[in-house]
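# Analysis of the macromolecular model
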Amino acid sequence: MQSFWDERYASQKYIYGEEPNPQLKYFIDRNTPGKILFPGEGEGRNAVYAAMQNWKVVAIDQSNIAKIKAEALATKHGVKIDYTVGDIITNSYPTRSFDAIALSFFHLPPQVRNKVHTYLASLLKPGGILFIVGFSKQQINYNSGGPSNIDMLYSTKLLLEEFNDFQIVTNQQFESHLNEGDGHDGLASLIEFEAVKK
Ligand SMILES: C[S@@+](CC[C@H](N)C(=O)[O-])C[C@H]1O[C@@H](n2cnc3c(N)ncnc32)[C@H](O)[C@@H]1O
């Protein structure tokens, strides 16, 4: 999978654009800055925006090329991000160390998703917020981006089950017209999920 993403990121262009995802931008804007983790952060559009709003940003992605592009974007905007190249499945951050964790179009195979979600929950401080924006299972009927394996897509039911011990703030499916680089372009079916660790 790492070579798949390195190849996708190989061009000079930012495949998902340089601007943050709109739902994630609104999440960053309305919350008090703290320490935030971006797993599967790719080329850095969300992490850099959060750093520009004074969040202390930690990011991880398995693609080395993504890291180079994310750091270039950070430099362009005069901010610093702590970006590791690695696999979220095998890495280890200290438990209860983040005020927020934000997943933006981070779609995992079902065999590892539950394990990763449990791990991410352990990294949040009590009162910390988990934010997810990604494609719903309906996205299989659209051609505006995302994995072609329906099992990697989200549903509100799945997220409720996986984070059943969280206090749910938002869990909704909706249609949106994506304009996020060449990678996310056109009408899409999205899920937005926000929940607080008790
Ligand atoms: C669709 S891209 C989304 C990038 C970014 N979050 C955004 O919204 O622009 C998914 C990213 O997840 C990364 N990824 C997938 N599985 C991963 C894993 N197990 N550990 C770390 N990164 C992973 C890929 O390398 C890729 O950069």
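See above for the structure.
Values in this document were obtained by computation on a predicted structure and should not be read as measured data. (Residues numbered from 1 in each chain as written. Predicted model: local features only at pLDDT ≥ 70, side-chain atom pairs only at ≥ 80, totals over all residues. Heavy atoms only, no water.)

Looking now at the pairing of strand β6 (residues 166-180). Of the pairings in the sheet, the one linking β6 to strand β7 (residues 184-197) comprises 14 bridges and is antiparallel in character. Bridge pairing in β7 places H177 opposite L187. From the end of β6 to the start of β7, which pair antiparallel, there are three residues, and G181 there has a positive phi angle of about 65°. (Pairing = 2+ DSSP bridges. Helix = DSSP H or I, 4+ residues; strand = E, 2+ residues; numbered from the N terminus.)

On to unusual backbone geometry. At N54, a residue that is not glycine, the phi angle is positive and equals roughly 75°. Considering the arrangement of structural elements, one finds N54 in the loop between α3 (45-52) and β2 (56-61). The residue F105 is not glycine, and still its phi comes out positive at about 55°. Here F105 shows up in the loop between β4 (98-104) and α5 (110-123). You can call F105 buried: its relative accessible area is 13%. (Buried < 20%, exposed > 50% of the residue type's maximum accessible area, 1.4 Å probe, protein only.)

With that settled, consider the sheet that holds β7. Strand order across the open sheet formed by seven strands is β3-β2-β1-β4-β5-β7-β6, with mixed pairing between neighbours. Strands with a single pairing partner mark the edges of an open sheet, and in this sheet they are β3 (82-85) and β6. Recorded for the sheet is a direction-independent mean angle of 15° between the axes of neighbouring strands. Relative to β4, strand β1 (residues 35-39) runs parallel, the two being bridged by two bridges. Directly across from L37, in β4, lies its bridge partner I101. Contacting β2 and β3, helix α4 (residues 64-76) runs over the sheet at an angle of about 165° to β3. (Axes fitted to C-alpha atoms, helices over the stretch in contact; angles between N-to-C directions. Contact = heavy atoms within 4.5 Å.)

Where two aromatic rings form a pair, the distance of their centres and the angle of their planes describe that pair. Applying the stated criterion across every chain yields a total of eight aromatic pairs. Between the aromatic rings of F4 and W5, the centroid separation amounts to 5.1 Å while the plane-to-plane angle is 90°, which identifies the pairing as edge-to-face. For K35, the ring lying beneath its charged end belongs to F98, and the centroid distance is 5.1 Å. Between the NZ or CZ atom of K69 and the centre of the ring of Y14, over which it lies, the distance is 5.1 Å. (Phe/Tyr/Trp six-rings, centres within 6.5 Å; stacked < 30°, edge-to-face > 60°. Lys NZ or Arg CZ within 6 Å of the ring centre and 35° of its normal.)

Another aspect to go through is the packing of helix α2 (residues 22-30) against α3. Where α2 meets α3, the axes come as close as 10 Å, and the angle between the chain directions of the two elements is 20°. With respect to each other, α2 and α3 are oriented roughly parallel. Along this stretch, α2 crosses α3, giving a crossing that reads as right-handed. Counting all contacts with α2, which are made through L24, K25, I28 and D29, the residues of α3 involved are N46, Y49 and A50. (Parallel < 35°, antiparallel > 145°, perpendicular 65-115°, else oblique. Left-handed = near helix turned anticlockwise from the far one by under 90°.)

Before going further, it helps to spend a moment on the environment of K35. In this structure, K35 sits in strand β1. Of the residues examined, K35 reaches a relative accessible area of 25% and is grouped as partly exposed. Counting along the chain gives 64 residues from K35 to D99, while the straight-line C-alpha distance between them is 5.3 Å. Setting aside residues no more than four positions away along its own chain, K35 makes contact with K56, V58, S97, F98, D99 and A100.

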